[in-house]
Amino acid sequence: MKKWLKGTAAVLLSTTLLFGCSNSSQSSLDQDISEAETSKNLIILIGDGMGPAQVTLTRLYAQKYFDQDMLTLDEILVGTNSTFAGDSTYKDESGVVTDSAASATAFGTGFKTYNGAISVTNEEVARPIASVIEAAEAAGKATGLISTARITHATPAAYATHVRQRSMENAIAAQYVTSGVDVLLGGGERHFVATEEEAKFGKTKREDGLNVIELFQEKGYEVVTSSDELEKAKGEKLLGLFNDSHIPYNLDREDTQVPSLAEQLSKAIEVLERDDDGFVIMVEGGRIDHAGHANDIHSVVQETLEFDEAVKVALEYAKQDGETSVMVTADHETGGLTIGSRNVYDTYFDIFKKVTASSEIIGKELEEAEDRDDVRKIVEKYTGINDLTEEEVSLILDGKEWDGTESSYGREGGFNAVISKRALIGWTGHGHTGVDVSVYAYGPVAHYLTGHTDNTDFALAGAKVIGVDLEQATKELQSKYLYPSFMITQDEKVVFPGQSLAKALGVKIEINEQNATAVIEGQKYEGVKDHSGIYFPLEVFEAATGKDLTWDALSERIVIE
Ligand SMILES: [Zn+2]
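Conventions adopted
- Residues numbered from 1 in each chain as written.
- Predicted model: local features only at pLDDT ≥ 70, side-chain atom pairs only at ≥ 80, totals over all residues.
- Heavy atoms only, no water.
- Donors = N, O, S within 2.8 Å, 3.2 Å for Na, K, Ca; no water.
- Tetrahedral: all angles 85-135°; square planar, octahedral: opposite > 155°, others 65-115°.
- Helix = DSSP H or I, 4+ residues; strand = E, 2+ residues; numbered from the N terminus.
- Buried < 20%, exposed > 50% of the residue type's maximum accessible area, 1.4 Å probe, protein only.
- Salt bridge = Lys/Arg side-chain N within 4 Å of Asp/Glu carboxyl O.
- Phe/Tyr/Trp six-rings, centres within 6.5 Å; stacked < 30°, edge-to-face > 60°.
- Lys NZ or Arg CZ within 6 Å of the ring centre and 35° of its normal.
- Pairing = 2+ DSSP bridges.
- Contact = heavy atoms within 4.5 Å.
- Expected span 1.5 Å × (residues − 1).

Caption draft 1: Spotlight on the coordination of the zinc ion. Coordination sphere of the zinc ion, protein contribution only: D289 (OD), D289 (OD), H293 (NE2) and H432 (NE2), at 2.1 to 2.3 Å. Every donor counted, the four donor atoms about the zinc ion form angles of 56 to 151 degrees at the centre, which fits irregular coordination. Considered as a linear motif, the donors of the zinc ion on their single chain read D-x3-H-x138-H. Of this pair, H293 sits in helix α10 (residues 287-294) while H432 sits in strand β13 (residues 432-433); the two residues are 139 residues apart in sequence, bridging distant segments of the chain. Comparing H293 with H432, the two get one shared label, buried.

Dropping the structure here:
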């Protein structure tokens, strides 16, 4: 059933004002809403590091080897996204080139923040910003997050959790428990278990003794760790963890118990479509980026093919269902990939197609190589190449890029440089780049994403098409949580920046700069002086606001009651 949208333009404009951010170019988000339609369901797919060249290379590969004209993605191309990050308090880390945290915050919530931030503002006392998934939860829809990376990694995290730095993956795992997200599938078991004995995959990164899996089970989640278990699962809520860290690259998946992205999405749809209010799912092809960082061509292609299979599942469902929008983009490009290099007008696919494992695996073996002969044997085993030049063997053995500089990827970098050179593939480095990425959409949401848009528009379009209120969801979150910078004193007291926290809580505190004290209703409190200001323990702010404030150390946030 199709519904007409009414009055949402005003909501959208004020969302922009609330966030203090109007980076978006003129798009159909601002115009002509009378033609707009809504969708009950929304499937969001993010190819991490999937720049335009990654897509082209994968299409050329599919044409050559599968006799496939186009990727599924190509059928629904609608425009491009700009990806730059917001300003940073951590100055040299933010700018034209985004990381996955800032970009996921942008396309998940509609707000530009600094590199490293997971859906919080760039302030001394940061405030949470709600995502499309959180707004959908608030509206009673069922929700799901899926990734081939750790499920605690930046992209899924930005859709349902809030932390000042993306590396806080233990906090992210714990925040998922109360996020309301019904289906979580991916890697990253090590952030959910407290001991190696509890871990199916044998590893833990938690030191707080918290078994997060048990917390999920107490909330009624069915927990699965293999393809078979996923297929058989009957629960209304599902936590699937398929590796200790990221899910292995496609080239390395000998274990058939690792479900593909398409299988994970199919299962998530099966579970979530039971909700009469509709559902929102975010699916991330997380390892296209990792392969790009390493300059591993064959894995870039294989991971993008897997992602495209998931897009196919989404698109087929949407076509048959008639009430679902599908929107796809990338967070940024990774590696500065070029097709053709060094003035030669071709690319040799057969060279990298013969590579039978990810360079992560091959690189580990190469690190063990003792001499030039070992290098030749390992390379031949994984690629069939038996005519390495002396120069190529040296590059691998010395861990050098093609230009002779040291590779940050060691011998793995040397190996990828050799394969890329032979295949006529170019890379500008091992980091992200700032080029625009493509946007793909199907269903009513396509109307809002046609042409060039900013990645913040991606979130606004998603929220608009399913009729959920990002602004209201953000207000709700901000009334409950603050994410301040803080210090721990020598006697292990946690203290907070006086002026900034008072301001964030909407009160004024009279602070004596000279002797670092504050006076509230006649009572004097001692503060701690630092070069950045005067810090006070939480009871000072409780006295000033009359509210119950709790420090949630695990999530590094203040809970306001
Ligand atoms: Zn990356």
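Caption draft 2: A look at the pattern of salt bridges. Counted by the stated rule, this structure contains 20 salt bridges. In this structure, R206 engages D208 in a salt bridge whose closest nitrogen and oxygen atoms are separated by 2.8 Å. The class of R206 is buried, set by a relative accessible area of 4%. Of the charged contacts in the structure, one is a salt bridge between R557 and D552, with a shortest N-O distance of 3.1 Å. For the pair R557 and D552, a shared accessibility class is recorded, and that class is buried. Through salt bridges with shared partners, a single ionic network connects R372, R376 and E390.

Caption draft 3: Spotlight on the packing of aromatic side chains. Applying the stated rule across the entire model yields 12 aromatic pairs. An angle of 65 degrees between the planes, with centres 5.0 Å apart, marks the rings of F496 and W551 as edge-to-face. Residue F496 is found in strand β18 (residues 494-497), and its partner W551 is found in strand β24 (residues 549-552); the two are separated by 55 residues along the sequence. Taken together through their ring pairs, the aromatic side chains of Y61, Y65, F66, F349 and F352 make up a single cluster. In this arrangement the basic side chain of K112 is found over the ring face of F84, its NZ or CZ atom lying 3.6 Å from the centre. Over the face of the ring belonging to Y65 we find K353, whose NZ or CZ atom lies 4.7 Å from the ring centre.

Caption draft 4: Structural view of the pairing of strand β1 (residues 41-47). In terms of residue burial, β1 counts as a mostly covered element, since seven of its seven residues are buried. The alternating pattern of β1 places N41, I43, L45 and G47 and L42, I44 and I46 on opposite faces, both of which are buried. Bridging between β1 and strand β8 (residues 279-285) involves six bridges; their strand directions are parallel. Pairing of G47 across the sheet is with G285, part of β8.

Caption draft 5: Quick peek at the environment of A330. Locating A330 in the fold gives a position in strand β9 (residues 324-330). On the accessibility criterion, A330 (2% relative accessible area) is buried. Expressed as a C-alpha distance, the spacing of A330 and L60, which sit 270 residues apart in the sequence, is 19 Å. Not counting the four nearest positions on each side in its chain, A330 is found in contact with I46, G47, M50, V437 and S438.

Caption draft 6: Highlighting helix α11 (residues 297-321). Taking 1.5 Å of rise per residue, the 25 residues of α11 would be expected to cover 36 Å, and the 36 Å separating its terminal C-alpha atoms lies within 8% of that figure. Within α11, 18 of the 25 residues are buried, which leaves it mostly tucked inside the rest of the structure.

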